[in-house]
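Residues per chain, in single letters:
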Amino acid sequence: MKRIGAAGAALALCLASVAGAEPVDGKTARKLVFGTKKVEVRIVPYDFLSEQDRKALVFAGKRQAYYAAIAVAPSEGLVSNATLAATNFHDVASARRAALAQCDSVRKGGKPCVIAAEVVPKGWTDRPLTLSAAATAGLRKEYGRGGGEKALAISPMTGKWAVQKGAGAAASALSACGAHPGATDCRVVVADR
């Protein structure tokens, strides 16, 4: 058995805490999230997409906030009202679901929509805590450093989020997050006391 040492054990405990949906403290959260400025666009190479379509998807994707997905109706092609992007979600899987649902709701028939592109932070790797670009900025600015009770709650389903400070911050953050339409799945992911 390989020894991981005190620092490795602390990191493993932190990662287990995040994976188990327990909130992490602000310092740990800031280490886990990505920068907000640069994104990578990952194209899914479908046969119905031309090289020009792929370039257009990269161009459009680079202007979106991560995590995002662009859905296309294969029977209608890229230039269609059904081509829709779901942006600024807390993970790419949620962005995919939202983009597909939106696209399928407006397509005119034919085959179901597919994800043609995904937008992730530059250098993306799987991490136990991911936040949208907006929530990441909120973590760094609104949540901030320093003492006192504070919490950040997110809605994975909608990409909404809220930061609250002071006594009862966790309950207040959940309430503020849940006040957004459709945000019925809010949970606290960062908390300090």
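Along each chain, numbering runs from 1 in the same order as the chain's sequence is written. Only residues with pLDDT of 70 or above have their local features reported here, since the model is predicted, and side-chain atom pairs are shown and tallied only from 80 upward, although totals for entire chains, interfaces and linings are computed over all residues. Side-chain numbers come from the whole structure's heavy atoms, not from hydrogens or water.

K.L.:
I'd like to hear about the confidence of the model for the protein chain, residue by residue, with values.
P.N.:
Values of pLDDT, ranging from 0 to 100, describe the predictor's confidence in every residue of the model. On average, the protein chain scores 89 in pLDDT, and the residues at 70 or more come to 89%. Under a pLDDT of 50 for its full length, residues 1–20 has, in the predicted model, 13 contacts with residues more than four places off or in other chains. A contact between two residues is defined here by any heavy atoms of the two lying within 4.5 Å.

K.L.:
Could you give an account of the pattern of salt bridges, naming the residues involved and the relevant values?
P.N.:
Just to be clear on terms, a salt bridge is a Lys or Arg side-chain nitrogen sitting within 4 Å of an Asp or Glu carboxyl oxygen. Using the criterion set out here, one finds four salt bridges in the structure. With a closest N to O distance of 4.0 Å, Arg-54 and Glu-51 form a salt bridge. On the criterion of helical spacing, the pair formed by Arg-54 and Glu-51 is a turn pair, its members being three residues apart in helix α3 (residues 51–61). A helix here means a DSSP run of H or I that spans at least four residues, while a strand means a run of E at least two residues long, and both kinds are numbered starting from the N terminus.

K.L.:
Outline the nonpolar core, listing residues and values.
P.N.:
Buried residues of nine kinds, namely Ala, Val, Leu, Ile, Met, Phe, Trp, Tyr and Cys, make up a nonpolar core once their side-chain atoms join them within 4.5 Å. Burial classes: relative accessible area under 20% of the type maximum marks a residue as buried, over 50% as exposed, and values in between as partly exposed (1.4 Å probe, protein chains only). Counting residues in each nonpolar core, the largest one holds 17 residues, and the members touching the most others are Leu-57, Tyr-66, Tyr-67, Ala-116, Ala-117 and Val-119. Sorting the residues of this core by element identifies β1 (39–43), β2 (68–72) and β4 (114–121) as the ones contributing at least two each. Here this core takes four residues from β4, the largest share from any one element.

K.L.:
Which residues make up the side chain of His-90, and what values do they have?
P.N.:
Summarising the element assignment, His-90 is placed in the loop between β3 (84–86) and α4 (92–106). In this structure His-90 touches Tyr-67, Thr-130, Leu-131, Ser-132, Ala-135, Ile-154, Ser-155, Pro-156, Gly-159, Lys-160 and Trp-161, once residues within four positions along its chain are discounted.

K.L.:
Summarise the pairing of strand β5 (residues 150–154); cite the residues concerned and give the values.
P.N.:
With five of its five residues buried, β5 lies for the most part within the structure. Alternating positions in β5 separate into two faces, Lys-150, Leu-152 and Ile-154 on one and Ala-151 and Ala-153 on the other, with burial throughout. Here β5 pairs with strand β6 (residues 161–165) via five bridges, running antiparallel. Within the sheet, the bridge partner assigned to Ala-151 lies in β6 and is Gln-164. When DSSP locates at least two bridges between a pair of strands, those strands are taken to pair. The loop that links β5 with its antiparallel partner β6 comprises six residues; one of these, Gly-159, has a positive phi angle of about 85°.

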